[in-house]
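Structural features, examined
This is what each chain is made of:
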Protein chains: 2
Amino acid sequence: MTRAVKRTTHQGIREAIRARIISGEWKLGERIPGEVALAEEYGCSRTTVNRALQTLAQEGMVERKRKGGTRVRPLPTSQAQFRIPIMREQVESRGHRYSHRIESREVRVPPMAIRKQLELPDNDPAAYVESLHLADGKPFAFEKRWVNLGSVPAFSDADLSHESANEWLVRHVPFSRGEVRLSASAANAKQARLLGTDKGAPLFTMHRLTWFEERTITAIELSFAPGYEITFGV
Amino acid sequence: MTRAVKRTTHQGIREAIRARIISGEWKLGERIPGEVALAEEYGCSRTTVNRALQTLAQEGMVERKRKGGTRVRPLPTSQAQFRIPIMREQVESRGHRYSHRIESREVRVPPMAIRKQLELPDNDPAAYVESLHLADGKPFAFEKRWVNLGSVPAFSDADLSHESANEWLVRHVPFSRGEVRLSASAANAKQARLLGTDKGAPLFTMHRLTWFEERTITAIELSFAPGYEITFGV
DNA sequence: TTCAATATTATGTGCATACATAATCACAGA
DNA sequence: TCTGTGATTATGTATGCACATAATATTGAA
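Residues numbered from 1 in each chain as written. Chains lettered and ligands numbered in written order. Predicted model: local features only at pLDDT ≥ 70, side-chain atom pairs only at ≥ 80, totals over all residues. Heavy atoms only, no water.

Attention now goes to the pattern of salt bridges. Residues and elements named next belong to chain B. For the structure shown, the criterion picks out 24 salt bridges over all chains. Arg-46 is the salt-bridge partner of Glu-35, the closest N and O atoms lying 2.5 Å from each other. Taken as a pair, Glu-35 in helix α2 (residues 35–42) and Arg-46 in helix α3 (residues 46–59) lie far apart in primary sequence, 11 residues in all. With a relative accessible area of 48%, Arg-46 lands in the partly exposed category. A salt bridge links Glu-143 to Arg-145; its shortest N-O distance comes to 2.7 Å. By relative accessible area, Glu-143 is classed as buried at 4%. (Salt bridge = Lys/Arg side-chain N within 4 Å of Asp/Glu carboxyl O. Helix = DSSP H or I, 4+ residues; strand = E, 2+ residues; numbered from the N terminus. Buried < 20%, exposed > 50% of the residue type's maximum accessible area, 1.4 Å probe, protein only.)

If you want it as structure tokens, here you go:
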């Protein structure tokens, strides 16, 4: 898999500079040559070097300050990007057939912790949906979801027979930001039964909370069947 | 906190377009106007619109194809960025004192799975280190690490009394890329004992494999004490 | 009708240029 | 010595332009 990037493209220069940083040519925290110098060295315009360096800064590999110049980040904060998994995409990309099943659906006052997360006035009810995501008919993930009806009143009448709650919400309330928490938890009786495992089995769990503008939309707890992993490159 | 971004900067246009997507003006999967049209609408050059759209594409908000145009992502695959946690940073940023303890250290032939990951010739030994990361003296994470001595022979003589294996490696072998796997696993007897929990307790686990150029460097398994979470915004 | 060559189109990229802005430095004046 | 004002420097950003490239549409020949 040879990388055939030309030397004077912003990508090529970005990788060249990255390599020089990795090779240790410039030490951690050290200032690297200015844009003009690099442009001259690589025989390209400053614009191109600028773009390369900006990208590296975005990735967290270097820090830039006006006048201060560009320097290698003190600690290699290698940050990773990964996509929030979408159930259907995830299942289908592995060549399985996706389906989902609503286990229960009701409107009631959520427990304290959820009220707080959703910033819900006391005694205000919210929609609660429990559902199971399946791959080729086999349980894949169990989802507990609370939807803030103050923000999304239409959810009460949503038809969830053909699309999941997530898909419905995505189509009706584009969300602007969210918060994700990843953890491990022990399966309770219900989770064990639905996911076909034993009580106490370690489950990979994802909590998600999403907002649209300044309003909370939905709080989700997803427990994945044993063996599930998130993988990504750095 | 008013946003005082001018309307003809690439940032301003990026946010304007983002707002229009979020507001639902263009539906999911729908094609949005071309660069030329947008440039005309906003009274700026195509270059500027191009940059705004490229950023949005990088963020995963839109998909772009040559000739195909730019369209809103069918499902908002909001990608998240998170930093690979550095133990010391993580512990200290929470106001605790970081320390670590080597539990065992030896050189031996690793099990099959590790040999395969490290692309190690059969019967080649590797360095094996078990260590415990502590926050204020309390166990925080248990680390099992294999180091490819073919790539990093100097590791044999590394002094790990003052810095962790990871810190030593980072200073001596800047790594270029890595792969991360997140999962949940049940604590075995040793993990339970060292992390002060029960056998079978669900542990948040991170596997990491790093390369420098085309050589594998180290394979790590980190098991976090119960209650550990990774959190990040989207 | 079918398939391959060609034209069209929207985005991708590099460059020269001009000006903006932030940080720093040197020097003059109090 | 202290201070502020302007010069210098390095990065930030917008623009017009030319050309590259990929995907699609069209055309023409077999």
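Don't stop here, the text continues.
Here the focus is helix α6 (residues 165–172) of chain B. Those residues of α6 of chain B lying buried are Ala-165, Asn-166, Glu-167, Trp-168 and Leu-169 of chain B. Turning to α6 of chain B, the residues buried within the fold contact α4 (87–93), β7 (138–147), β9 (202–212) and β10 (215–224) of chain B. (Contact = heavy atoms within 4.5 Å.)

What follows covers the packing of aromatic side chains. Scanning the model with the defined rule gives 15 aromatic pairs over all chains in all. Plain terms: the ring middles of Phe-204 of chain A and Phe-224 of chain A are 6.1 Å apart, the flat faces sit at 55° to each other, and that makes the pair tilted. In this pair, Phe-204 of chain A sits in strand β8 (residues 202–212) while Phe-224 of chain A sits in strand β9 (residues 215–224), placing the two residues 20 residues apart along the sequence. Look at Phe-224 of chain A and you get buried, because its relative accessible area is 0%. Ring geometry for Phe-204 of chain A versus Tyr-228 of chain A: centroids 5.8 Å apart, planes at 50°, classification tilted. Of this pair, Phe-204 of chain A sits in strand β8 while Tyr-228 of chain A sits in the loop between β9 and β10 (230–233); the two residues are 24 residues apart in sequence, bridging distant segments of the chain. Both residues of the pair, Phe-204 of chain A and Tyr-228 of chain A, belong to the buried class. Through successive ring pairs, a cluster of aromatic residues spans Phe-140, Phe-204, Phe-224 and Tyr-228 of chain A together with Phe-140, Phe-204, Phe-224 and Tyr-228 of chain B. (Phe/Tyr/Trp six-rings, centres within 6.5 Å; stacked < 30°, edge-to-face > 60°.)

As a further point, take the protein's contact with DNA strand D. Near DNA strand D you find 23 residues, and of these Arg-64 and Arg-66 of chain A together with Thr-9, His-10 and Thr-48 of chain B are the closest. Near-protein atoms of DNA strand D (within 4 Å) split between backbone and bases, with sugar and phosphate holding 73%. Backbone polar atom of His-10 of chain B to a phosphate oxygen of DNA strand D: 2.9 Å apart, as the coordinates give it. Take Arg-66 of chain B: an N or O atom from its side chain is 3.2 Å from a base oxygen of DNA strand D. Elements supplying a minimum of two residues to the surface near DNA strand D: α3 (46–59), β1 (62–65) and β2 (69–72) of chain A together with α1 (10–22) and α3 of chain B. (Near = heavy atom within 4 Å. Polar contact = N/O pair within 3.5 Å; in protein donor to acceptor, adjacent residues only side chain to side chain.)

Turning next to the side chain of Thr-216 of chain A. Note that Thr-216 of chain A resides in strand β9. In this structure the side chain of Thr-216 of chain A is engaged in a polar contact, spanning 2.7 Å, whose partner is the backbone oxygen of Leu-118 of chain A.

Close to DNA strand C lie 24 residues, the nearest being Thr-9, His-10 and Thr-48 of chain A together with Arg-64 and Arg-66 of chain B. For DNA strand C, a phosphate oxygen lies 3.0 Å from a polar atom in the side chain of Gln-11 of chain A. A distance of 3.4 Å separates a sugar or linking oxygen of DNA strand C from a polar atom in the side chain of Lys-67 of chain B. Looking at the surface near DNA strand C, the elements that each hand over two or more residues are α1 (10–22) and α3 of chain A together with α3, β2 (62–65) and β3 (69–72) of chain B. Residue contributions to the surface near DNA strand C peak at 4 residues, all from α3 of chain A. Here the surface near DNA strand C is built from residues that sort into 1 nonpolar, 12 polar and 11 charged. (Nonpolar A, V, L, I, M, F, W, Y, C, P; charged D, E, K, R; others polar.)

Bringing the pairing of β2 of chain A into the picture now. All names here are of chain A. Of the two faces of β2, the one lined by Thr-70 and Val-72 is fully buried and the one lined by Gly-69 and Arg-71 carries no buried residue. Bridge count for β1 against β2 is 4 bridges, and the pairing is antiparallel. From the neighbouring strand, Arg-64 faces β2, where its bridge partner is Thr-70. Turn length for the β1-β2 hairpin, with the two strands adjacent in sequence and antiparallel, is 3 residues, and the turn residue Lys-67 shows positive phi of about 70°. (Pairing = 2+ DSSP bridges.)

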